[in-house]
Number of protein chains: 4
Amino acid sequence: MLADSAAAQRIIELREQVYLANMALQTHNLVTFTWGNVSGIDRELGLVAIKPSGVEYAKLSPANMVILNLAGKVIEGDLKPSSDTSTHLVLYRSYEDIGGVVHTHSPFACAWAQAGLSIPALGTTHADYFYGDIPCTRALTEAEVATNYELNTGLVIEETLGSTEPLSMPGIVVKEHGPFTWGTSPDNAVHNAVVLEEVAKMALHTKQLNPQVTSLNQALLDKHYLRKHGKDAYYGQED
Amino acid sequence: MLADSAAAQRIIELREQVYLANMALQTHNLVTFTWGNVSGIDRELGLVAIKPSGVEYAKLSPANMVILNLAGKVIEGDLKPSSDTSTHLVLYRSYEDIGGVVHTHSPFACAWAQAGLSIPALGTTHADYFYGDIPCTRALTEAEVATNYELNTGLVIEETLGSTEPLSMPGIVVKEHGPFTWGTSPDNAVHNAVVLEEVAKMALHTKQLNPQVTSLNQALLDKHYLRKHGKDAYYGQED
Amino acid sequence: MLADSAAAQRIIELREQVYLANMALQTHNLVTFTWGNVSGIDRELGLVAIKPSGVEYAKLSPANMVILNLAGKVIEGDLKPSSDTSTHLVLYRSYEDIGGVVHTHSPFACAWAQAGLSIPALGTTHADYFYGDIPCTRALTEAEVATNYELNTGLVIEETLGSTEPLSMPGIVVKEHGPFTWGTSPDNAVHNAVVLEEVAKMALHTKQLNPQVTSLNQALLDKHYLRKHGKDAYYGQED
Amino acid sequence: MLADSAAAQRIIELREQVYLANMALQTHNLVTFTWGNVSGIDRELGLVAIKPSGVEYAKLSPANMVILNLAGKVIEGDLKPSSDTSTHLVLYRSYEDIGGVVHTHSPFACAWAQAGLSIPALGTTHADYFYGDIPCTRALTEAEVATNYELNTGLVIEETLGSTEPLSMPGIVVKEHGPFTWGTSPDNAVHNAVVLEEVAKMALHTKQLNPQVTSLNQALLDKHYLRKHGKDAYYGQED
């Protein structure tokens, strides 16, 4: 299937990246048992690597990451890919700028998802990464659950994001389910998953202290988001 | 008592399994001091292994697990079995499919037990393991507390489960007390104890965000429970 | 001061015991910085060992525990004893059965102390150790704060306990301050400090789930307390 | 720029101190990723050392701390200083007694900042370090956000502290942002950051238990603050 050794080398690198990003979910305490998955894409090859379904973290290796094309056909690997693979693929097909996708059941993000509420942008921690409230999707209909459930999960994410630029809102909570995040790479998507959980925790505690609190004003949101992102960013070192 | 070396070998394996499952309670941060116990059963021999009462985790070994028959008679071991042994034995006698039982005082599950409330199925994390709300038993009567308390604890669990298939609802919270879980093996029962604590935590936070939240609709509950369990399951690798 | 080598040997043992109990506070995550202290008493010698004031845990050793008599006179040691020493000494003078005292600022117990509320006995985890609600003292008067503050802290603990047998209620929260616990030994007092923090956490979460919840009925309280304590106890192994 | 080897030696020591204080933020679990920064000042040299912007903790070293003068000019170092540098410099210019400044996004402190509420002095844990309620600043105006944002953050801290002696109130929460703390040295400022997070957590839980709770009376506040600080302090060992 793969024409040449350059492609083979790129797949090795993709496997390694996706493997490390999956292991990082555990290091960051985002997963219980096998409740999380990370994928990554090589846009040039049009191939995605993803964690196999239900395999313990201790047994993961670069070699058992599953390689699929964007249509969901397994290209390399004997194991079944994550049961959430179809959701990841919808996002890769729709959002050309993203390089990695993460799904977890991290507890504070799940609390917002289960409550059916968007996570309001209440402070600069949030604004540094997410350019506005992190939306919560609608519930899937009975029909959407019954047939192509994981695909429909991806479609409802898209429907909710609408015209929002995906890298300015690199995560969402799916109602009654949990968070999905994405980013420029598998590692960046994991980074965003950590941040989403942290801001979900802060927002819960903020609401407990002040139930009437409202989202940040636009000026402070702009300031923090844009000092880290975009052409005038001045946070961090020059690349 | 034991007729042959095959039986002796099976008991050695049962001791090992139950010992490791008890130690796993600690690894998963479910226990303070000695506040937890795991048992396992060898159905062919009709023998149960259980943690000795009040012994520190650091002093446990496969050798000091206590072996009893289903009537509660100690077959091997010098130590007294867990004070909760009678509860475990009721469950083994009533539910032929279960292979392990766990009791802990994990804090979020205890909060629900102390509040006297069932843990509602609010999301897919819950639905992946528990096919509906995790019930809370009624309080024991004064008479049930006074005589055969631990046996009656088992009976009120049974009364609460009613006709529910025990492996589809592999745990419960006993009012004013704490969680019991079970599973196909001691290890699987520990797995379910970890999940119960995690969903108890998520459900508490969800209620804080949205006090009016209600249990999942049946379609999503079915989808998640059945994609992991039952004949059409497609999560994880083929066995 | 010390008549013979037997006494000297007992002091060495007391130092060691109290040192280890102080270190255990840290192992059990009950202290931030130096915010805790443990003492122990040798009733035959009438001597108390206590942590020195404001010394980091990493710099503690059996040798730098301070030895005092019950009147508060330092018998051995160059360092100043804990600033809470007078509180400990009141308790040793009044309660002849106790062998160790602990003070911490563990966060959930402090929350109850700051709220000015007793910790209700809401479940068996509590009843296994504390025979009823864990009382919260009244606030000290301005005069009690101004003069002999630490002594008066001990006196208000006594006033609150009243005729309660101290080993059946081995802890208390001092209003606007934090928990004190005691036990048969320094180690047992630390054990009770761990339990108090755990039940304080569970009780907070229980109240959040069910603000109307009330303390356990007497029958279940008796059952759990008495199966671990007193002449008919059957938890744990025979001594 | 630096006249002699004594000055060079002092800068080496300042770098080391500030490096260790930055690493301590991580040890005390106050930071996620790079979300925190510590600076320190050598008053004799008039030079400040601060963490570089957006560099991972694992890659920090004494050598990559950035050295600036009080006007914000970089004196040594190839990396850009923390994006919050201007805020630190305002505080050093205004408060001559402080030797270190810390900024974090520690979650409980951020919850109070996001709620726009001062952290009330509810108990002795708080009173041991902060002589009164820890204030929350007003929000910055749109103009203050648009131009010289980090400088204005420092100015609003000053405005809020007013005539308060900064070492008697060694921290604040900036509305919709998070905590800043300071102290006699970088290490002491980190110490105060740990305490602020701990009292923020306790105060949240206290409010949940008793929404009507009010700040400590002055007598107890004085007693605890002054037994640790000021000329009649008797906590800890003699210096």
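This text follows the structure it describes.
Below or above, wherever it landed, is the structure these notes cover. Everything quoted here is computed from the prediction, not taken from an experiment. (Residues numbered from 1 in each chain as written. Chains lettered and ligands numbered in written order. Predicted model: local features only at pLDDT ≥ 70, side-chain atom pairs only at ≥ 80, totals over all residues. Heavy atoms only, no water.)

## Concerning the relation of the copies chain A and chain B
1) Next: Between chain A and chain B, which share one sequence, the superposing operator has a rotation angle of 90° and an axial displacement of 0.0 Å; the RMSD is 0.0 Å. This pairing of chains is accounted for by a four-fold axis. Nearest to the rotation axis, the C-alpha of A:Gln208 is located 5.6 Å from it, this being the minimum over chain A.
2) Next: With a heterologous cut-off of 20% or less, the 3% of interface residues of chain A that recur at the interface of chain B puts this contact in the heterologous class. (Least-squares fit on C-alpha atoms with pLDDT ≥ 70 in both. Contact = heavy atoms within 4.5 Å.)

## Some remarks on the pairing of strand E6 (residues 171-174) of chain C
Residue and element names in this part refer to chain C.
1) Next: Residues Gly 171 and Val 173 line one face of E6 and the alternating positions Ile 172 and Val 174 line the opposite face, and both faces are buried.
2) Next: Examined bridge by bridge, E6 and strand E7 (residues 178-183) share four bridges and lie antiparallel to one another. Each bridged residue has a counterpart across the sheet, and for Val 174 the counterpart in E7 is Gly 178.
3) Next: Remark: three residues form the turn of the hairpin made by E6 and E7, two consecutive strands paired antiparallel; Glu 176 in that turn has positive phi of roughly 65°. (Buried < 20%, exposed > 50% of the residue type's maximum accessible area, 1.4 Å probe, protein only. Helix = DSSP H or I, 4+ residues; strand = E, 2+ residues; numbered from the N terminus. Pairing = 2+ DSSP bridges.)

## A look at the side chain of C:Lys223
1) Next: Among the structural elements, C:Lys223 can be located in helix H8 (residues 218-228).
2) Next: Within the buried set, C:Lys223 has no salt-bridge partner at all; the shortest N-O distance to an opposite charge, 5.0 Å, is to B:Glu150.
3) Next: For C:Lys223, the contacting residues outside a window of four places in its chain are B:Val145, B:Ala146, B:Tyr149 and C:Tyr234. (Lys, Arg positive; Asp, Glu negative; His and termini not counted. Salt bridge = Lys/Arg side-chain N within 4 Å of Asp/Glu carboxyl O.)

## Considerations on the arrangement of the chains
1) Next: No interface is formed between chain A and chain C, the nearest pair of C-alpha atoms being 11 Å apart.
2) Next: At the C-alpha level, the nearest point of chain B lies 11 Å from chain D, with no contact between them.

## Observations regarding the interface of chain A and chain B
1) Next: Contacts between the two partners involve 30 residues from chain A and, on the opposite side, 33 residues from chain B.
2) Next: Across the chain A/chain B interface, buried area totals approximately 2800 Å², and carbon plus sulfur atoms make up 57% of it.
3) Next: For A:Asp84, the salt bridge identified is with B:Arg227, shortest N-O distance 3.4 Å.
4) Next: Elements supplying a minimum of two residues to the side of chain A that touches chain B: helix H3 (107-115), helix H5 (142-146), helix H6 (149-161) and helix H7 (186-209) of chain A.
5) Next: Top contributing element to the side of chain A that touches chain B by residue count: H3(A), with seven residues. (Buried area = accessible area lost by both parts, 1.4 Å probe.)

## Observations regarding the relation of the copies chain B and chain C
1) Next: The two copies are related by a screw motion: chain B maps onto chain C through a turn of 90° and a shift of 0.0 Å along the axis, at an RMSD of 0.0 Å.
2) Next: Mapped onto chain C, only 3% of the interface residues of chain B again fall at the interface, so the copies present different surfaces.

## What about the packing of H3(A) against H7(A)?
Each pair of packed helices gets described by two things: the angle between the helix axes and the distance between those axes.
Residue and element names in this part refer to chain A.
1) Next: At a closest axis distance of 7 Å, the pairing of H3 and H7 adopts a crossing angle of 60°. Classified by the angle their axes make, H3 and H7 are oblique. In this structure, H3 meets H7 at a crossing whose hand is left-handed. Residues Pro 107, Phe 108, Ala 109 and Trp 112 of H3 form the contact with H7, whose own contacting residues are Leu 196, Glu 197, Ala 200, Lys 201, Ala 203, Leu 204 and Lys 207.
2) Next: Broken down by class, the residue content of the contact of H3 with H7 amounts to eight nonpolar, no polar and three charged. (Axes fitted to C-alpha atoms, helices over the stretch in contact; angles between N-to-C directions. Parallel < 35°, antiparallel > 145°, perpendicular 65-115°, else oblique. Left-handed = near helix turned anticlockwise from the far one by under 90°. Nonpolar A, V, L, I, M, F, W, Y, C, P; charged D, E, K, R; others polar.)

## Thoughts on the sheet that holds strand E1 (residues 36-42) of chain A
All names here are of chain A.
1) Next: Reading across the sheet, the seven strands line up as E4-E3-E2-E1-E5-E7-E6 and stay open at both edges, with antiparallel pairing between neighbours. The sheet is open, and its two borders are formed by strand E4 (74-76) and strand E6 (171-174), each paired with just one other strand. Adjacent strand axes in the sheet meet at a mean angle of 25°, parallel and antiparallel pairs treated alike.
2) Next: In this sheet, strand E3 (residues 66-69) lies alongside strand E2 (residues 47-50) in antiparallel orientation, the contact comprising four bridges. By the bridge assignment for E3, Ala 49 is matched with Ile 67.
3) Next: Across the sheet, H3 is in contact with E6 and strand E7 (178-183); its angle to E7 comes to roughly 115°.
4) Next: Against the sheet, H7 engages E1, strand E5 (100-104), E6 and E7, with an angle of about 140° to E7.

## Brief notes about the layout of surface pockets
1) Next: Its volume calculated, the second largest pocket comes out at about 500 Å³.
2) Next: Lining the second largest pocket are 20 residues, and of these A:Lys207, A:Gln208, A:Pro211, B:Gln208 and D:Gln208 lie nearest its centre.
3) Next: Looking at the lining of the second largest pocket, the elements with two or more residues in it are H7 of chain A, helix H7 (186-209) of chain B, helix H7 (186-209) of chain C together with helix H7 (186-209) of chain D.
4) Next: Taken together, the residues of the lining of the second largest pocket break down into 13 nonpolar, four polar and three charged. (1 Å grid on protein atoms, 1.4 Å probe; cavity = no way out; pocket = protein on both sides within 12 Å on 5 of 7 lines; lining within 4 Å. Points joined across faces, edges and corners; volume = space filled by probe spheres on them.)

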